[in-house]
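The lines below spell out each chain.
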Number of protein chains: 2
Amino acid sequence: MVWNPKNNEIPDFTDIEQSFTRIQRYIHRTPILTSTQLNNIVEADIFFKCENFQKVGAFKARGALSAITSLPKRDLQRGVATHSSGNHAQALAYGASLFNISATIIMPRNSPQPKVDAVRNYGAKIIFCEPTQESREKMLKEFVDRSNAVFIHPYDNCYVIAGQGTCAKEFLESFESPNYLDYLIAPIGGGGLMSGTLIAAKHLCPKTKVIGAEPKGANDAYRSIRDNTIYPSINPRTIADGLLTSLSQRTFKIIKDNISEILTVEEESIIQAMRLIWERMKIVVEPSAAVPLGAILENPAMFKGTKIGIIITGGNLDLNKLPWQ
Amino acid sequence: MVWNPKNNEIPDFTDIEQSFTRIQRYIHRTPILTSTQLNNIVEADIFFKCENFQKVGAFKARGALSAITSLPKRDLQRGVATHSSGNHAQALAYGASLFNISATIIMPRNSPQPKVDAVRNYGAKIIFCEPTQESREKMLKEFVDRSNAVFIHPYDNCYVIAGQGTCAKEFLESFESPNYLDYLIAPIGGGGLMSGTLIAAKHLCPKTKVIGAEPKGANDAYRSIRDNTIYPSINPRTIADGLLTSLSQRTFKIIKDNISEILTVEEESIIQAMRLIWERMKIVVEPSAAVPLGAILENPAMFKGTKIGIIITGGNLDLNKLPWQ
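Residues numbered from 1 in each chain as written. Chains lettered and ligands numbered in written order. Predicted model: local features only at pLDDT ≥ 70, side-chain atom pairs only at ≥ 80, totals over all residues. Heavy atoms only, no water.

S.K.: In this structure, what is going on with the overall build of chain A? I would like to understand it.
M.R.: When helices and strands are tallied, chain A shows 14 helices and 10 strands. By the burial criterion, 59% of the 325 residues in chain A qualify as buried. Considering only intrachain contacts with a sequence separation of at least 6, the fraction spanning at least 24 residues in chain A is 73%. A total of about 13200 Å² of accessible surface is found on chain A, and carbon and sulfur atoms cover 47% of it. Considering chain A, the positive charge centre built from 36 side chains and the negative charge centre built from 32 side chains are found 5 Å apart. (Helix = DSSP H or I, 4+ residues; strand = E, 2+ residues; numbered from the N terminus. Buried < 20%, exposed > 50% of the residue type's maximum accessible area, 1.4 Å probe, protein only. Contact = heavy atoms within 4.5 Å. Areas by Shrake-Rupley, 256 points an atom, 1.4 Å probe, with all protein chains shown as cover. Lys, Arg positive; Asp, Glu negative; His and termini not counted. Charge placed at Lys NZ, Arg CZ, Asp CG, Glu CD.)

S.K.: What's the story with the environment of W278 of chain B in this structure? I'm lost.
M.R.: Note that W278 of chain B resides in helix α12 (residues 267-281). Distance in space between the C-alpha atoms of W278 of chain B and N299 of chain B is 21 Å, their sequence separation being 21 residues. When neighbours within four sequence positions are excluded, W278 of chain B is seen to be in contact with W278, V284 and L319 of chain A together with I283, V284, V285, L317, L319, L322 and W324 of chain B. In this structure the side chain of W278 of chain B is engaged in a polar contact, spanning 3.1 Å, whose partner is the backbone oxygen of V285 of chain B. (Polar contact = N/O pair within 3.5 Å; in protein donor to acceptor, adjacent residues only side chain to side chain.)

S.K.: How should I be thinking about the packing of helix α3 (residues 60-70) of chain A against helix α8 (residues 158-173) of chain A in this particular structure?
M.R.: Each packed pair of helices is defined by two parameters, the angle between the axes and the distance between the axes. All names here are of chain A. Remark: α3 packs on α8, axes separated minimally by 7 Å, with the N-to-C direction vectors making an angle of 130°. Relative to α8, the element α3 is oriented oblique. For the pair α3 and α8, the crossing hand works out as right-handed. Contacts between α3 and α8 pair K60, R62, G63, S66, A67 and S70 from the former with Y159, V160, G163, Q164, T166, C167 and E170 from the latter. Of the residues in the contact of α3 with α8, the class split is four nonpolar, six polar and three charged. (Axes fitted to C-alpha atoms, helices over the stretch in contact; angles between N-to-C directions. Parallel < 35°, antiparallel > 145°, perpendicular 65-115°, else oblique. Left-handed = near helix turned anticlockwise from the far one by under 90°. Nonpolar A, V, L, I, M, F, W, Y, C, P; charged D, E, K, R; others polar.)

S.K.: I'm lost on the pattern of salt bridges in this one. Help?
M.R.: Where charged atoms from two side chains of opposite charge approach closely, those side chains can pair. Here the structure, examined in full by the defined rule, presents 32 salt bridges over all chains. Measuring nitrogen to oxygen at the nearest pair gives 3.5 Å for the salt bridge that ties K216 of chain A to E266 of chain A. One end of the pair, K216 of chain A, is in the loop between β8 (209-215) and α10 (220-227); the other, E266 of chain A, is in the loop between β9 (261-265) and α12 (267-281), with 50 residues separating them in the sequence. The class for E266 of chain A is partly exposed, based on a relative accessible area of 38%. Measuring nitrogen to oxygen at the nearest pair gives 2.6 Å for the salt bridge that ties D257 of chain B to K253 of chain B. Taken together, the residues span about one helical turn, with D257 of chain B and K253 of chain B both in helix α11 (residues 249-258) at a distance of four residues. When salt bridges that share partners are traced, they join K49, E51, R62 and E170 of chain A into one network. (Salt bridge = Lys/Arg side-chain N within 4 Å of Asp/Glu carboxyl O.)

S.K.: I'm lost on the pairing of strand β10 (residues 307-312) of chain A in this one. Help?
M.R.: Within a regular strand, the side chains alternate between the two sheet faces. Residue and element names in this part refer to chain A. Extensive coverage of β10 is indicated by the burial of five of its six residues. Pairing of strand β2 (residues 45-50) with β10 involves six bridges; the strand directions are parallel. Across the sheet, I46 pairs through a bridge with I308, a residue of β10. Pairing of strand β7 (residues 183-187) with β10 involves three bridges; the strand directions are parallel. (Pairing = 2+ DSSP bridges.)

S.K.: Explanation requested: the sheet that holds strand β3 (residues 80-83) of chain B in the structure shown.
M.R.: Picture the strands of a sheet paired through backbone hydrogen bonds; they go either parallel or antiparallel. All names here are of chain B. Pairing is parallel across the open sheet formed by four strands, whose spatial order is β5-β4-β3-β6. Each edge of the open sheet is held by one strand with a lone partner, namely β5 (125-129) and β6 (150-151). Taken together, the five bridges between strand β4 (residues 103-108) and β5 define a ladder with parallel strand orientation. Note that in β5 the partner of T104 across the bridge is K125.

S.K.: Can you walk me through helix α1 (residues 13-23) of chain B in this structure?
M.R.: For an α-helix, the turn length of 3.6 residues means that residues three or four places apart are oriented alike. Residue and element names in this part refer to chain B. Among all positions in α1, only F13, D15, I16, S19, F20 and I23 are buried. Projected down its long axis, α1 shows its buried positions confined to an angular sector of 155°, all on one face. Residues of α1 that are buried in the fold lie against α3 (60-70), α8 (158-173) and α9 (192-204). (Arc of directions from axis to C-beta.)

S.K.: Would you explain the packing of α3 of chain A against helix α5 (residues 87-98) of chain A in this entry?
M.R.: Residues and elements named next belong to chain A. Their axes nearest at 8 Å, the elements α3 and α5 cross at an angle of 45°. With respect to α5, the axis of α3 lies oblique. The handedness of the crossing between α3 and α5 comes out as right-handed. Residue-level inspection shows K60, A61, A64, L65 and I68 of α3 in contact with α5, the latter providing N87, H88, A91, L92, Y94, G95, A96 and L98. Residues belonging to the contact of α3 with α5 are distributed by class as follows: nine nonpolar, three polar and one charged.

S.K.: Explain the packing of aromatic side chains here, please?
M.R.: The description of an aromatic ring pair rests on the distance of the ring centres and on the angle between the ring planes. Inspection of every chain in the model, using the stated rule, returns 17 aromatic pairs over all chains. Aromatic side chains Y26 of chain B and F99 of chain B sit 5.2 Å apart centroid to centroid with 65° between the ring planes, which places their arrangement in the edge-to-face category. Separated by 73 residues along the polypeptide, Y26 of chain B in the loop between α1 and β1 (32-33) and F99 of chain B in the loop between α5 (87-98) and β4 bring together distant segments of the chain. An aromatic cluster of three or more residues is present, and its members are F47, F171, F175 and Y180 of chain A. In this arrangement the basic side chain of K169 of chain A is found over the ring face of F20 of chain A, its NZ or CZ atom lying 4.9 Å from the centre. Between the NZ or CZ atom of K307 of chain A and the centre of the ring of Y180 of chain A, over which it lies, the distance is 5.4 Å. (Phe/Tyr/Trp six-rings, centres within 6.5 Å; stacked < 30°, edge-to-face > 60°. Lys NZ or Arg CZ within 6 Å of the ring centre and 35° of its normal.)

S.K.: Can you walk me through the interface of chain A and chain B in this structure?
M.R.: When the parts of a complex come together, some accessible area is lost, and that lost area is often taken as the interface size. At the interface, 23 residues of chain A touch 23 residues of chain B. Summed over both partners, the interface of chain A with chain B comes to about 1700 Å²; 48% of that surface belongs to carbon and sulfur atoms. For chain A, the biggest contributors to the area lost against chain B are K282, V284 and L319 of chain A; these three give 36% of the whole. Where chain A packs against chain B, one counts zero salt bridges. Summed over the shared surface of chain A and chain B, the result is 13 residue pairs in polar contact (both at pLDDT 80 or more). Elements that contribute at least two residues to the side of chain A that touches chain B include exactly α2 (36-42) and α12 of chain A. Examining the composition of the side of chain A that touches chain B, we find that four residues originate from one element, α12 of chain A, more than from any other. (Buried area = accessible area lost by both parts, 1.4 Å probe.)

Keep in mind that these numbers describe shape and distance, not what the molecule does.
Written out as C-alpha cells, the structure reads:
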C-alpha cells in the first residue's frame, strides 16, 4: 500500500504553506518580469511569473518535490515512479536525485530523444511502453506492484497540487496589496497547476479573477466545466504539448468550484504569443506557457486597462522545431 | 561644430560614474544569472550579466543615453544622427524618443526588414545608403552638414564608452568583494564595450583578468593588438553580426594598454555556446553574446575551477534564422 494519508483529499491553503516550507530550499524563487513593449501592445499591465527559470525548466519541480518531501523516510526509500513524457518526469527524476532515491519513469516508446535524455541525465530509470494511455497505466501498475515504489501522479495528488500552488503563493504575495491583480491566468492541462493556483488565490486575493487558458484543439476542460461532466482529452491537437491531459475528479471539482472562466485559444494566437514573448522579453518559453498571453491577444476588450498576472509554466522545447518555421 | 569637449579624450572611472548618474533612470539594472547545469559542463562558476534584458535588448542603450544626456540643451535640440544597422541605431532612436528630439539613422539599403522596423518603431528617421563604409560615412556627413544634427558614433566617443562601462560597474559592484572574479569576458567589435569594461575593471578589480572574445572570422582586434597596429575589419565572416566593425584609434589604445588577452573563437563554438545558453538558461541571446562562452568551451583547462563574469551583450536576432537550423 502506498502511504499517502491525503491521497483523496483536496488541499487547502495550509497545505500550500506547508509544502512551501518543505520545498523552499530546493527550488528557485523565480523572477516576475514585465515588458513595456508588450504592455503597449495589449494596453494592459502584465506581470509574468517565470517558471521557465525554475529547476528543470518548469513549475513541475514544485509539485514533484512537494510529493517527495511529504513521504516519511521509510516510504521515501522505496523510490518513486510515474508515467510521463514531459516536465513531470524530469521533475520527479530531479527530486529523486536530491534525496538519493530511485526514480522510474514509464515513457512512451516514441518519446522525443531530448526528453528521454533529459530524464536520464537526472539519473532516473526509464521503462518504455506503447504510446497509449492503457499501456502507460498497465506498465506503471506492474512496475509499482513489483518494486513497491511510490507512484507520484503528475497532478491527481494532494501534495502535487499543493506544491504547484506555491507558485501562485510566491507570485501573489509579491504585490504591494492583496487583490492588486484584476486577473490571474494560467494554462490548464490536467488541472494540477490550476487547482493549486485557485486555492492560493482564493485565500490571498479573493477579488482577483482566476482564468484558465486552454488551446481550442485541447479544450476538454472548457467543455467539462461548461457541461459539468468530465470529458477525457481524446486526440487533442495542439502545439501546446504540456496541455494534452484530462482533468481528474479532484482537479475537476476544484476548478469547477473556484474558476472565474476558461478561455480557449487558437493555435495561431498561441504561436503569435510565444513569438512575442521570445522577441520582446528575450526569454525561452514552451508553447504551453504562451497560451495565457494568446488568450489576452484574442480578447483585447476584456483585458484593456487591467492588471494581469500570468504564470509562464516552462521553457522546455526542441529548439530544432520552432512553430513559426 | 559639434559640442563635445571630450570628443578626443579617453574616459576614466569618474566619467563612468557620471554617466551612470545621468542614465540610471532610463535603463534597467539587468539581472546577473547563473546556471548550475552550465557550471557543471564547464567546471567553473560563471556569472552572466544579462544585457539582453536591457532597454532595446542590448547594452547599447547605455552608451547612446550616456552620449545624449551629455549634451547641453541647445545641442540636444539639434537632434542626433548615426550610421548603424544594428543595436546602436535602435539605442539612439530609443534615447532620442525619451528626450523628444529627432534621431536620424543612416542604414544600408540591404538592412534586414526587422532591423529597419525596430528603428522606425522608436520613431527615428531612416536614410538609406549603399551597403559600403564609404557610402555610410558620406551620407552621414551630408546629413549632418545639412541638418546640424549631432553625430553620435557607435563606439568612438568618450561618452559612449563611459556609458558602456556602466555595465561592468553594475556587474562588478554586485559581488561581495573586489577581485571576486578571476576573469571578466566580453566580446570585441568596435571596442566600445571592451574599453568601458577595461576602465571599470581597472578601477574596481585590478586583479581580475579582463579577456576579449572575438570570432576567428572577424579577428581584427586580435591581430591589431598582437601586431600593435590597427587592422581594419575587412570582409569579416561570422554569424556574430554585432562584431563586424574595426577598432578606432581610441578603443585600440585603451584595449592595448589594459587587456589581459584576446581569445578567438570558431563559428561552431559560438553556435554551440548560443544553443547551450538558450537551452539551459532559457534566455534569448544573439550570436555575438555567445562568443565569450564559446571561448570558455574552447579553453577548458584555462578556466577550470575559476570564477568568471560574462557580459551577455544582447538578444536581438531574427528568430526565423537560427544558426543551428
